[in-house]
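Given next are the chains, with one letter for each unit.
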Amino acid sequence: MKPCKICTWALFASLLALSRPTWAQTDGASDENQAAPEAASAPREEINRDELKAALKAELLAEIKGDLKAELRAEVKAELKEELKEEIKAEEEAEAKARAAEEAKAKAASQDGTSDALAAAVPEKAEEKSLFKKIMEGFTFGSYGRVPVGGDLHGSLGKQVQLVAHAPRLLESPYAEIDLGYAYTVTDGPTFRPHFTLALNEALFHLDGNFAAAIAVRNLYLEISDLFIKGLSFWGGSRMYRGDDIYLLDFWPLDEQNTIGGGVAYRFADSEVKLHMGVNRLASDYQLQNVDVISDTVGARTITFMERARFVLTLRGAHNFNISAKLALKGVLYAEYHYLPSGQYLTEKMNLKSLPEDHGLVLGGELSLYKPNTANHLNIFVKYGYGLGAYDEMAVPTGLNPEKQALGSHELVLGLSGNIEFGEKAGLMLAYYFRKFTDADPNQYDVDDLNEMAFAVRPAFYIHKYFHLLAELNFQYKRPNGLNPENGLHDQPFAFTAALMPTLSMGYGSYARPQLRLVYALTVLNDAAMRTYAALDARRDRRVQHWLGINCEWWFNSSRH
């Protein structure tokens, strides 16, 4: 019984051992069969492969670019080396030539014993150029001039008709100015500007044959600008001190002074304030008297017996208002004070004549509409003068009061100046002034008390940039309060002028200068205007006056305009 049982268990173990590898194989195959479909259906391995491919591509592209840059760098480096070699070679040749030239100069100079002096006298060319450039940058030159050449068709040169104080300038006499100046700016400091203006009047050599000319020094002053603070300036010397003018009538209706003195100005933002003090003295018995006296030694000598200079103080304030991008407004307030000290005058009979002190005052203003950076403007002026302020500072007052003073004199001036440009087609200039003057004497009905006015309009048609067709219409009128002592009538002189002027001009614009004009002007006078000429003057009988000729005018950097 027992052996059989043992055999049975042995047989069972054998069968179990034989069947075990088959299970293992079956299990492995089934695992592979299950894993294969999972690998085929999962995208993770394919995504990693694309990313790897892109990374490898970028890496390869960077490597290729690096190689190309290295090759290009090598090529450029080689080209630059060749260029630098050429430049160095050229510099060496230039230096060699310069050395050879200097050696030749030194050798030639040594032959006559002047080598040391020559070496000391020859500066570096670069220094010469920089010094010359610096000098020329600081130098300023300007000029104003006019010369009419023509006649009245009666054999005479012809003259301007002038009935009022400020007649139209159409036929003015010859006049010229030369402006010279120099500006030196200290590094991070102020600028110093000496200014010199020389003027010549109508005494032309070709009209009198004399080697003599009337010359005047109109400006001789020094100005220091941006001193201490930006916009602050000082000046001193002899100066024409002016504001805006009325061009067609050639006068400054508000502020015009000719004095020896000084002033200070401050410009800030759109405003400006100016203060000026000066003196004026005329070579007239009214202000100056020189007499001859016996000398303490031998003969005689001249002394100044009386001298009284007119003192003038002016104050001017201006401000600009921007109305729009194309329109601006300027307002000006102006004041003057005049003082003339007393003096004693020696008469021909050696008697002393006392001259009292005198005073004067001027108040006025200006209103200007203008287009920035253009010549378009309309200026309106008003000025009131009292006492000495009613007279020009370059004139001796007349019509004094019983105390021989100008106190009691009155002057009212209204003025207008305008210009408008119509592109490159045409332009139009306007000018007008009215003046009411009453002197200081008790008689209010003499010919010295008067009203007067003048008007001028000048259209310009720009046929070509350098050829313009100009015309002008102007008139003058004067109404004295008194009667004409010649005929006892209340004369009121009037003159009207019409002119045509084909013009060669330096560019477009009413203010373009220089200009060379062919001028024909016809002036018609009334009887009262004809009687303003002296009895023997040929023009006294000419109601119609002609002028035909050439008129030239120019200005460059001029202190006049």
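We now turn to the structure provided with this report.

Quick notes on the rules
Residues numbered from 1 in each chain as written. Predicted model: local features only at pLDDT ≥ 70, side-chain atom pairs only at ≥ 80, totals over all residues. Heavy atoms only, no water. Helix = DSSP H or I, 4+ residues; strand = E, 2+ residues; numbered from the N terminus. Polar contact = N/O pair within 3.5 Å; in protein donor to acceptor, adjacent residues only side chain to side chain. Contact = heavy atoms within 4.5 Å. Core = buried A, V, L, I, M, F, W, Y, C linked by side-chain atoms within 4.5 Å. Buried < 20%, exposed > 50% of the residue type's maximum accessible area, 1.4 Å probe, protein only. Patch = residues over 30% accessible without salt bridge, like charges linked within 9 Å, V, L, I, M, F, W, Y side chains within 5 Å. Areas by Shrake-Rupley, 256 points an atom, 1.4 Å probe, with all protein chains shown as cover. Salt bridge = Lys/Arg side-chain N within 4 Å of Asp/Glu carboxyl O. Lys, Arg positive; Asp, Glu negative; His and termini not counted. Charge placed at Lys NZ, Arg CZ, Asp CG, Glu CD. Pairing = 2+ DSSP bridges. Phe/Tyr/Trp six-rings, centres within 6.5 Å; stacked < 30°, edge-to-face > 60°. Lys NZ or Arg CZ within 6 Å of the ring centre and 35° of its normal.

1. Quick look at the side chain of N219
Right, so step 1: Considering the arrangement of structural elements, one finds N219 in strand β5 (residues 215-225).
Right, so step 2: Within the local environment of N219, its side chain forms a polar contact with the backbone nitrogen of M240, the two atoms lying 2.8 Å apart.
Right, so step 3: N219 has contacts with H195, F196, T197, S238, R239, M240 and S559, leaving out every residue within four places of it along the chain.

2. Examining the nonpolar core
Soluble, globular proteins show a tendency: their nonpolar side chains are buried together.
Right, so step 1: L249 and L525 are the most contacted members of the largest nonpolar core, which totals 29 residues.
Right, so step 2: Where this core is concerned, the elements lending two or more residues are β12 (327-340), β18 (426-438), β19 (450-464) and α6 (527-530).
Right, so step 3: With 3 residues, the top contributor of residues to this core is β18.
Right, so step 4: Setting aside anything within four residues of it in sequence, one finds L249 in contact with H166, A167, P168, A431, Y432, Y433 and A454.
Right, so step 5: Judged by nonpolar contacts, the second largest core, of 10 residues, contains L170, L470, A499 and V519.

3. Quick word on a negative patch on the surface
Right, so step 1: Together, E59, E63, D67, E71, E75, E79, E83, E87, E91, E92, E93 and E95 line one region of the surface with negative charge.
Right, so step 2: With respect to the secondary-structure elements, E63 resides in helix α2 (residues 44-111).

4. Section: the pairing of strand β14 (residues 352-355)
Right, so step 1: Of the pairings in the sheet, the one linking strand β13 (residues 343-346) to β14 comprises 4 bridges and is antiparallel in character. Paired with Y345 across the strands is K353, a residue of β14.
Right, so step 2: Connecting β13 to the next strand, β14, in antiparallel fashion are 5 residues, including M350 with a positive phi near 65°.

5. A few points about the packing of aromatic side chains
Right, so step 1: Going through the model one piece at a time under the given rule, you end up with 13 aromatic pairs.
Right, so step 2: For the ring pair W235 and Y241, a centre distance of 5.5 Å and an interplane angle of 35° mean the geometry is tilted. Summarising the burial analysis for this pair, W235 and Y241 share the class buried.
Right, so step 3: Measuring from ring centre to ring centre gives 5.9 Å for Y247 and Y511, while their planes differ by 65°; the resulting arrangement is edge-to-face. Placement of Y247 in the loop between β6 (232-242) and β7 (256-268) and of Y511 in the loop between β21 (494-505) and β22 (515-525) is noted, with a sequence separation of 264 residues between them.
Right, so step 4: Every member of this aromatic cluster is reached through a ring pair, and the members are Y144, Y175, Y247, Y511 and W555.
Right, so step 5: Here the basic side chain of R239 rests over the ring of W235, its NZ or CZ set 5.0 Å away from the ring centre.
Right, so step 6: Residue placement shows R242 over the ring face of W252; its charged tip is 3.9 Å from the ring centre.

Function-wise, these values are silent; they only describe arrangement.
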